[in-house]
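Geometric and topological summary
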Amino acid sequence: MQKQDKHKSALKEKKGVSQPGITNNHSISKLKGKRKIQPNTQDLINKILKGDITALSRAITLIESRSLKHLEKANKIINACLPKANQSIRIGITGVPGVGKSTFIEVFGKHLTGLGKKVAVLAIDPSSTITKGSILGDKTRMEDLVKDKNAFIRPSASGDSLGGVARKTRETIILCEAAGFDTIIIETVGVGQSETAVHSMVDFFLLLKLAGAGDELQGIKRGIIEMADAIVINKADGDNIKRAKLAQVEFNRALHLYPEKNSKWMPKVSICSAVQNEGVKDIWNMILEYEILTKQNEYFEFKRNEQNKFWLLQTIETQLKSDFFNHENVKKELKNQLKLIENQKTTPFIAAEILLNL
Ligand SMILES: Nc1nc2c(ncn2[C@@H]2O[C@H](COP(=O)(O)OP(=O)(O)OP(=O)(O)O)[C@@H](O)[C@H]2O)c(=O)[nH]1
Ligand SMILES: [Mg+2]
């Protein structure tokens, strides 16, 4: 673009002419009116407890906010919701990208709402901490479920760390339960530590798999098999059925090699086709079976208690860490100590001690 002569600029103003203040009363009252719409905490609580989805979404946004004021509000809401939470079954679903999680959840969720259940779908997406994207960005893959008035789908919260995202998800679970959602589904891609995070907040953990080339147990993390209450081989349709059945046999054999779980539940392997809606109902029946067994032997309560203890410790750890690193003196001295380490004038241990003593 050619450089404009500054005297010809359209932005030029005459000397001595200043902008008038805002004197438009209509605009002022409109602005004030908008401010009033800002949700009042008690109002939000009342509405959430009545199952109002808009209020629920707003409260979740407060949980996800970085503003201290919002977080204070969020904490009030969570506290008020806590007594109404807990009446649900929480199901974790994991599997590699493309295995069919979204497709499965859509069909599974529709089946549940068909049974009169209220289903909330949340996600933990470790990649979202980097890309700020989300697993459920593909809400379109859940077209029918999105439209269902008994379903609530919330894309993954983004944050700096998996721990932060996980905390927000746990708090979101509480709000959803208080709003009357009795089935909570938490989806995650099997990347990094996200499965462990999801495992520590659900009652039932389901691993979606594809039938491979007969070497099913290759390349699957041992830990994840130990966490799974069910392995479901998806895409068991067309030419794939035979392979899926073979994989089922092989996984079953492998699972029997693992020691009995504290829950006394023997993990099950089943096959399904999310696309053709085959075998999806059976998976719900399996989860019900699990619920009956573990409520009878009291493992269900026990596990939730253990999870709460775990999250208490986690929360303290996170809080201490953030308090420490946000401390003014620490911030200053940390730079100093890092320099000293760079110049080999101190050791990490001495530096740490100095910082911790601050
Ligand atoms: N043949 C067949 N295809 C399926 C089945 N389930 C899902 N698909 C297809 O597999 C592809 C991936 O499905 P998604 O549901 O998006 O998979 P996802 O696990 O949610 O993937 P990410 O969100 O990327 O982690 C889509 O093209 C689906 O249509 C199934 O049961 N059979
Ligand atoms: Mg998906």
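Bear in mind that the values here come from a model prediction, so they are computed numbers and not experimental data. The residue count restarts for each chain, going from 1 along the sequence in the order it is written. Each chain is given a letter, starting from A, and each ligand a number, starting from 1, according to the order in which they appear as written. This being a predicted model, a pLDDT of at least 70 is required before a residue's local features are given, and a value of 80 or more before pairs of side-chain atoms are given or counted; all residues contribute to the totals for chains, interfaces and linings. For the side-chain quantities, the full set of heavy atoms in the structure was used; hydrogens and water were omitted.

**Structural notes on the side chain of Glu 171**
Counted only if it meets this: Helix and strand assignments come from DSSP, with helices taken as H or I runs of at least 4 residues and strands as E runs of at least 2, each series counted from the N terminus. Should any heavy atoms of two residues lie within 4.5 Å, those residues are counted as being in contact.
Looking at where Glu 171 falls in the secondary structure, it is placed in helix 8 (residues 162–178). When near neighbours in sequence (up to four residues on either side) are disregarded, Glu 171 contacts Ile 63 and Ile 78.

**Here's the deal with the nonpolar core**
In plain terms, the rule: Here, the term nonpolar core denotes a set of buried Ala, Val, Leu, Ile, Met, Phe, Trp, Tyr and Cys residues that are joined through side-chain atoms within 4.5 Å. Burial classes: relative accessible area under 20% of the type maximum marks a residue as buried, over 50% as exposed, and values in between as partly exposed (1.4 Å probe, protein chains only).
Ranked by internal contacts, the top residues of the largest apolar core, which has 49 residues, are Ile 77, Leu 175 and Ile 186. Setting aside anything within four residues of it in sequence, one finds Ile 77 in contact with Thr 41, Leu 44, Ile 45, Ile 48, Ala 59, Leu 62 and Leu 175.

**Some points on helix 14 (residues 328–342)**
Worth spelling out the cut-off: For a helix, the expected span equals 1.5 Å multiplied by the residue count minus one.
The terminal C-alpha atoms of helix 14 lie 22 Å apart, and with 15 residues this matches the ideal 21 Å at 1.5 Å per residue to within 8%. Just downstream of helix 14 lies Gln 344, where phi reads positive at about 55°.

**Observations regarding the packing of helix 4 (residues 68–81) against helix 8**
Just so we agree on the cut-off: Axes, fitted as lines to C-alpha atoms, cover a helix only where it is in contact. Angles between the N-to-C directions of the axes lie from 0 to 180 degrees. The labels follow the angle: roughly parallel below 35 degrees, roughly antiparallel above 145, roughly perpendicular from 65 to 115, and oblique for the rest. In this scheme the crossing of two helices becomes right-handed for a clockwise turn of the near helix relative to the far one and left-handed for an anticlockwise turn of less than a right angle. Basically, the charged four are Asp, Glu, Lys and Arg, the nonpolar ten are Ala, Val, Leu, Ile, Met, Phe, Trp, Tyr, Cys and Pro, and anything else, Gly included, counts as polar.
Helix 8 packs onto helix 4 with a crossing angle of 50° between their chain directions and a minimal axis gap of 9 Å. Compared by their axis directions, helix 4 and helix 8 come out oblique. Of the two possible hands of crossing, helix 4 and helix 8 adopt the one that is left-handed. Where helix 4 abuts helix 8, its residues Ile 77, Ile 78 and Cys 81 lie against Glu 171, Ile 174, Leu 175 and Ala 178. Residues that form the contact of helix 4 with helix 8 fall into these classes: 6 nonpolar, no polar and 1 charged.

**Overview of the environment of Arg 90**
This is how it is decided: Think of a polar contact as two N or O atoms within 3.5 Å of one another; within protein, one of them needs to be a possible hydrogen donor and the other a possible acceptor, and neighboring residues in sequence only count if both atoms come from side chains.
Assignment of secondary structure puts Arg 90 in strand 1 (residues 89–95). Exposure remark for Arg 90: the relative accessible area of 8% places this residue in the buried category. Taking the C-alpha atoms as reference points, Arg 90 and Glu 177, 87 residues apart in sequence, are found 9.9 Å from one another. Every residue in contact with Arg 90, bar those within four places of it in the chain, is listed here: Ile 173, Glu 177, Ile 184, Met 201, Val 202, Asp 203, Phe 204 and Arg 304. Engagement of the side chain of Arg 90 in a polar contact is seen with the side chain of Glu 177, the distance being 2.7 Å.

**Let's talk about the pairing of strand 2 (residues 119–124)**
Basically, it comes down to this: Should DSSP find at least two bridges between two strands, the strands are regarded as paired.
Within strand 2, 6 of the 6 residues are buried, which leaves it mostly tucked inside the rest of the structure. Going residue by residue along strand 2, you find Val 119, Val 121 and Ala 123 tucked away on one face and Ala 120, Leu 122 and Ile 124 tucked away on the opposite face as well. Bridge analysis of strand 2 against strand 3 (residues 151–153) gives 3 bridges, and the strand direction is parallel. The residue bridging Ala 120 from the neighbouring strand is Phe 152, located in strand 3. Two elements, strand 2 and strand 4 (residues 183–189), share 6 bridges in a ladder whose sense is parallel. If you follow Ala 120 over to strand 4, its bridge partner there is Ile 184.

**As for the pattern of salt bridges**
Going by this rule: Salt-bridge detection follows one rule: a side-chain nitrogen of Lys or Arg within 4 Å of a carboxyl oxygen of Asp or Glu.
Inspection of the entire model under this criterion finds 11 salt bridges. We note a salt bridge from Asp 203 to Arg 304, for which the minimum N-O separation is 2.7 Å. Linking Asp 203 in the loop between helix 9 (194–199) and strand 5 (204–210) with Arg 304 in helix 13 (residues 299–326), this pair joins segments that are 101 residues apart in sequence. Since its relative accessible area comes to 2%, Asp 203 is described here as buried. A residue is classified by how much of its surface remains accessible, and Arg 304, at 5% relative accessible area, is buried.

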